[in-house]
Each structure stands twice: as structure tokens, then as C-alpha cells.
Amino acid sequence: MAISTDAHPPPGDVSPTGTRSPWYTNLFVQLLVGIVGGITLGWLWPTVGSELKPIGDTFVKLIKMLIAPLIFTVVVTGIAKVGDVKAVGRIGVKALIYFTAVTGFALLFGLVMGNIVKPGAGFDIDPATLADGTEQIAEKTGGGELPGAVEFVMDIVPTSVVGAFADNILLQVLFFAVLFGVALAKYGEHGPPVVLEFVDHLSHIIFMIIGWIMRLAPIGAFGAMAFIIGQYGISTLGSFAKLIACCYLAGALFVLVLALIAKVAVGLNIFMFIRYTKEEFGLALGTASSEAVLPRIMTKLVGAGNSQAATGLVVPTGYSFNLDGAAIYLSISTLFLAQATGHDLSVADQLGALFILLLTSKGMAGVPGSSFLALSATATALGIFPVAAVAVLLGADRIMDSMRVFVNLLGNCVATFVVSNWEGQLDKQKMQDAVNGRLSPGGADPVAQPPVVAEYEYESRQ
């Protein structure tokens, strides 16, 4: 179904006939309505709201079922079409260097904010209330634990390729996709392989299915927000007001740091980019899941001038190695727990906590209750405040999801631009045209935005 992206209206929502489509058909507007409606329902009728969790979960599951095949097809076609096998290794190394530097800074940034605001001061946790804290943490995390460094590296290699896809383990799928793409690129030197054409067409089919699922995004956001507010209540905002305010303030300030990195490194106005991707960020906030927007954000990144190979490698890897929002939350929460239990961490203790969190944060992706496990490991290593104190955060943790998801997602987008530019695979003119609204979300590149995606976005405006 080859339909030129030029035949479809740009983000101004103007149809080919010159008439502006109704505002209520815009996905971003629909998402806002769904989010506000969910918050209102959860606030006024918390019992009803807390029962709507399956709605949000089902939408996220619909997207997640396509993430593994999407990453495989995007990475394979990106590497095979570029044909530069050495570039794959360079992109991976540069991405890891960037991830380590920025995540470390995010942890340090969180510690600075925690020392300034002191969110745990005056909280005065009574040790008697911590008797069943360990059991609560075990229930939240399913009794699991974060993988060690050696185990984490070994787990990147799948025991079975089928198992990696079946269990939706992104790093394992990415590992196999890189090997497959490199082999296909080398094989392509002897003639255009039919396999590459098949994988390319498969990616278009996957995007078509994603287009169908995205029609349900406002409903998914409605159910997710109704559950969060209904389950944890507006009262949580009062009990943990200082901690929540500190985390969101730190997240907002860190966005300015990312804006500075983007401007200096690639000349990108990050706020124009957020406007360009407002639907994706709205969906991430509404569902409290960055995975829910992974397919669309990758399309938008390629449409903004990043190479398909760099986008396919950096974004999925960043979901495990570049969790800036989670890093900020972990460092602030560590200080909160210490302050709330009456302990004043020395500079040496805080640097020790930073090092531990830098290691544990790399294995968090896909692990249930990973933030509690990381904080528990930090508490155990420091030996200053009881591990059971981590359970105090159970009531407020979910309220911080929006901050973590937003900063995590934006951090990975900036990382893609930086690494693409570092590798010389960023089309800056296309980037400027996209974020300034002079191109449709996928530009004119049929790989950046398969025709079926353009068709979905056009139809959704009618």
C-alpha cells in the first residue's frame, strides 16, 4: 500500500481540501481528555477508578506485544541498508559512554537537590512501624532481586532466540537483531537479499497494527490515570508533598540540563522537539509507561533526521542503560529515607550511595519493583537506615511515575540525537524542518515513516 507521505497534511491538521480538521480528532487533545477524565474519576469515585487498572494494562500490553518484532525489523533494516558494520560497534560504544556520563550526573543532580530541599526532614519515621516493611517490599517485588554485573551482562545473550521474543527481553532481542543485521549487510555485498525486502515489508505491517492500536490510546490513558488516583488517592500528595515536589522540581530542572546538552551538542531546541512529539509524551504521561510510546518515538526520531541504525540501537539500549528520571528519583529517595529516619549522610556515604545506584540502576529495566530493589540494595550496603524503611515509599512511588517516565523518555531522545551527530548520521536540516513543523512527522522518507503510519495519522485527523 504505497502512499506518498507528501499527500498527507503536515502537523497543522489541514486536509488536502484545505479545510482544517476538527480539533477533537487530534490525538493529543483526545489524550488530554482521557488523562483529565481519569484523574477526575479516580478522585471523585476512587473505588471505581481503582477497578479500571485492566484498561490501562491492556493497552500497554497491546503495544508491548509489538516492541520485540519492531526493534528487530528496525535494527536489521537500519544496519543492512547502511552497510557499515564498523559503525554499529562505534554507535554502541559511544552510546554507553554517553549513558554512563549522563546517568551519573543525574544521580549526582538528585543528591544535590535532596541536600538542598531535605524532603525527609520532619517526617520522623517511627521504627516500630517498620516491623513488616521487609514483607511489604518482598510482596511488591515478587521476592525478586536485581541481577549482578556479571549476571546482567550474561543475560544479554539469549538462551533461545524464540525465548527472547516470547519474553519480550529487549536487550536480548537487540543483541540478536544486531548480529542478524550485520550478517545481512555482509551477505548483501554479493547481491540484494530477498530477506531484507521481507524484513522491510514486515516493519510496515507492524506499523500498520500499531496505528490501529493507537486509536485506543485515550482510553488506555483514561484507565491508567483513574487507577493511579483511585488506588493511591489525592491524599498521598499531602502526606509526601515535600518528596513529590522535590522529585518533580528536580525532574523539571534536569529537563533544562538536557535542553543545554541538546542545544550545545546538536543545535536542537528541546522544547520545539517536545512540541513535535507532544502526542508521544502525552501518552507516556497518561499511561506512566515509556514502553507504550517506543514505536512512535522511534518513528519521530528517524523523521527528525536521525539514522535508522542509530535510532534502533540507542533507544532500546537506553531503556536499560539511560534511565535519567529513575536515577534522580533513586538518589532523592535515598536521602529522603536517611533524613526521615534521623540519619545525616556524610559526603562519603552519599558518594558511596551514588556508586551503588550507578550500578544497580543499569539492571532495573523489566524487573518488577526495581526501584525498591535498588533502594534496598543501597540501604543494605550503607547500613545506616533499615532496609524495611524503603516500604514507606510504597504509597508515593506510583505518583512519581510521570516524572520518571517523562525524563527517561526525553533523556533517550537527546541521547539519540547526540550519538547520531557524534557518528555523523544526523541530518540537521531535516531535524530543524521536523521540529519547526515544516515536515510531516516522518518527513518524506518512507523508511522513517512507513506509508501505513502516514495513512493512520491522516485518517486519525478526519
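Residues numbered from 1 in each chain as written. Predicted model: local features only at pLDDT ≥ 70, side-chain atom pairs only at ≥ 80, totals over all residues. Heavy atoms only, no water.

Chemist: What should I look at first to understand the environment of Phe198 in this one?
Modeler: In this structure, Phe198 sits in helix α9 (residues 194–214). Looking at Phe198, the relative accessible area reads 54%, which means it is exposed. For the pair Phe198 and Thr77, spaced 121 residues apart in the sequence, the C-alpha separation amounts to 9.9 Å. (Helix = DSSP H or I, 4+ residues; strand = E, 2+ residues; numbered from the N terminus. Buried < 20%, exposed > 50% of the residue type's maximum accessible area, 1.4 Å probe, protein only.)

Chemist: Looking at this model, I keep getting lost on the state of the cysteines. Mind explaining?
Modeler: Between two cysteines, a covalent bond joining their sulfur atoms is known as a disulfide. Scanning all chains against the criterion turns up 0 disulfides. Just so you know, Cys246 is unpaired, no disulfide at all, and the nearest cysteine sulfur is the one on Cys247, 5.8 Å from it. Under the relative-accessibility criterion, Cys246 is labelled buried at 2%. (Disulfide = S-S within 2.5 Å.)

Chemist: Just to check I follow, could you spell out the UniProt feature "transmembrane region" (unreviewed entry) in the protein chain for this structure?
Modeler: If you check UniProt for "transmembrane region" (unreviewed entry), the listed places come out as residues 27–45, 65–83, 95–117, 169–185, 205–234, 240–266 and 372–396 in our numbering. For the annotated span residues 27–45, helix accounts for 95% and strand for 0% of the residues, and the straight-line distance between the end C-alpha atoms is 26 Å. Measuring from the first to the last C-alpha atom of residues 95–117 gives 32 Å, for a span that is 100% helix and 0% strand. (UniProt positions renumbered as here; feature names shortened; annotations may be inferred.)

Chemist: Mind showing me how you'd approach helix α18 (residues 347–360) here?
Modeler: Along an α-helix, residues three or four positions apart point the same way, because every turn accommodates 3.6 residues. With 14 residues, α18 ought to run about 20 Å at 1.5 Å a step, and its terminal C-alpha atoms sit 20 Å apart, in line with that. Buried residues of α18: Gln350, Ala353, Leu354, Ile356, Leu357, Leu358 and Thr360, and no others. (Expected span 1.5 Å × (residues − 1).)

Chemist: Is there a simple way to explain the side chain of Gln425 in this structure?
Modeler: Residue placement: Gln425 occurs in the loop between α20 (401–422) and α21 (428–435). Each residue touching Gln425, except ones within four places of it in the same chain, is listed here: Ala87, Ile91, Gly305, Asn306, Ser307, Ala309, Ala310 and Ser420. (Contact = heavy atoms within 4.5 Å.)

Chemist: Looking at this structure, how should I read the nonpolar core?
Modeler: Side chains of a nonpolar character, in soluble globular proteins, are inclined to be buried together. Membership of the largest hydrophobic core comes to 124 residues, with the highest contact counts inside it found for Phe254, Leu268, Phe273, Leu294, Leu410 and Phe417. What Leu294 contacts, discounting residues up to four positions off in sequence, is Ile67, Leu70, Ile71, Leu170, Val315 and Tyr319. (Core = buried A, V, L, I, M, F, W, Y, C linked by side-chain atoms within 4.5 Å.)

Chemist: Would you mind showing me how to read helix α12 (residues 241–266) here?
Modeler: Taking 1.5 Å of rise per residue, 26 residues should cover 38 Å, and α12 covers 37 Å from first to last C-alpha, within 8% of that figure. A positive phi of about 75° marks Gly267, the residue just after α12.

Chemist: Sorry if this is basic, but what is going on with the confidence of the model for the protein chain here?
Modeler: Parts of the model with low pLDDT should not have their predicted coordinates read in detail. On average, residues of the protein chain score 79 in pLDDT, and 78% of them reach the 70 mark or higher. Averaged over each element, pLDDT in the protein chain is lowest for helix α22 (residues 451–459) (37) and highest for helix α13 (residues 270–276) (94). In this model residues 1–18 is a low-confidence stretch, pLDDT under 50, and it forms 39 contacts with partners more than four residues away in sequence or in other chains. (pLDDT = per-residue confidence, 0-100.)

Chemist: Before we go on, may I ask you to explain the environment of Gly230 in this structure?
Modeler: Take Gly230: it is sitting in helix α10 (residues 217–232). Residue classification places Gly230 among the buried positions, given a relative accessible area of 13%. Those residues in contact with Gly230 that lie beyond four places of it in its chain are Gly42, Pro46 and Ser50.

Chemist: Got a minute to help me understand the packing of aromatic side chains in this structure?
Modeler: Ring pairs (aromatic) are described by centroid distance and by the angle formed between their planes. For the coordinates displayed, the defined rule picks out 11 aromatic pairs. Residues Phe176 and Phe180 carry aromatic rings whose centres are separated by 5.8 Å and whose planes lie at 50° to one another, so their mutual orientation is tilted. Linking Phe176 with Phe180, this pair stays in helix α8 (residues 170–187), spanning 4 residues, or about one helical turn. The class for Phe176 is partly exposed, based on a relative accessible area of 23%. The partly exposed category is assigned to Phe180, whose relative accessible area is 27%. The interplanar angle of 90° and the centroid separation of 5.3 Å between the aromatic rings of Phe273 and Phe417 together place this pair among those described as edge-to-face. (Phe/Tyr/Trp six-rings, centres within 6.5 Å; stacked < 30°, edge-to-face > 60°.)

Chemist: Honestly, unusual backbone geometry in this entry has me stumped. Any pointers?
Modeler: Among all residues save glycine, negative phi is the norm, and among peptide bonds the norm is trans. Not every positive phi belongs to a glycine, and Lys118 is a case in point at roughly 55°. Among the secondary structure elements, Lys118 is positioned in the loop between α4 (85–117) and α5 (133–141). The backbone of Asn168 sits at a positive phi, close to 60°, despite the residue not being glycine. Along the chain, Asn168 turns up in the loop between α7 (161–166) and α8.

Chemist: Please explain the pattern of salt bridges as it appears in this structure.
Modeler: Pairs can form between side chains of opposite charge once their charged atoms are near each other. One pass over the full model with this rule turns up 7 salt bridges. Note that Arg90 is salt-bridged to Glu423, the shortest N-O span being 2.5 Å. You can see Arg90 sitting in helix α4 and its partner Glu423 sitting in the loop between α20 and α21, a full 333 residues away along the chain. Judged by relative accessible area, Glu423 falls into the buried class, the value being 12%. Here Glu423 makes a salt bridge to Lys94, at a shortest N to O gap of 2.8 Å. A residue pair is termed long-range when its members are at least 10 positions apart, and Glu423 in the loop between α20 and α21 and Lys94 in helix α4 qualify at 329 residues. Here Glu423 matches Lys94 in class, with each residue buried. The network of salt bridges with common partners includes Glu279, Glu280, Arg296 and Lys300. (Salt bridge = Lys/Arg side-chain N within 4 Å of Asp/Glu carboxyl O.)

Chemist: Please clarify how the packing of α4 against helix α17 (residues 324–340) should be interpreted in this entry.
Modeler: Helix packing for two helices is described by the angle between their axes and how far apart those axes are. Across the interface, α4 lies against α17 with an axial gap of 8 Å and an inter-helix angle of 35°. You can see that α4 and α17 cross each other, and the crossing is right-handed. Each of Val102, Thr103, Ala106, Leu107, Gly110, Leu111, Met113, Gly114 and Asn115 in α4 lies in contact with α17, whose residues at this interface are Asp324, Ala327, Ile328, Ser331, Ile332, Leu335 and Gln339. Across the contact of α4 with α17, the residue classes break down as 9 nonpolar, 6 polar and 1 charged. (Axes fitted to C-alpha atoms, helices over the stretch in contact; angles between N-to-C directions. Left-handed = near helix turned anticlockwise from the far one by under 90°. Nonpolar A, V, L, I, M, F, W, Y, C, P; charged D, E, K, R; others polar.)

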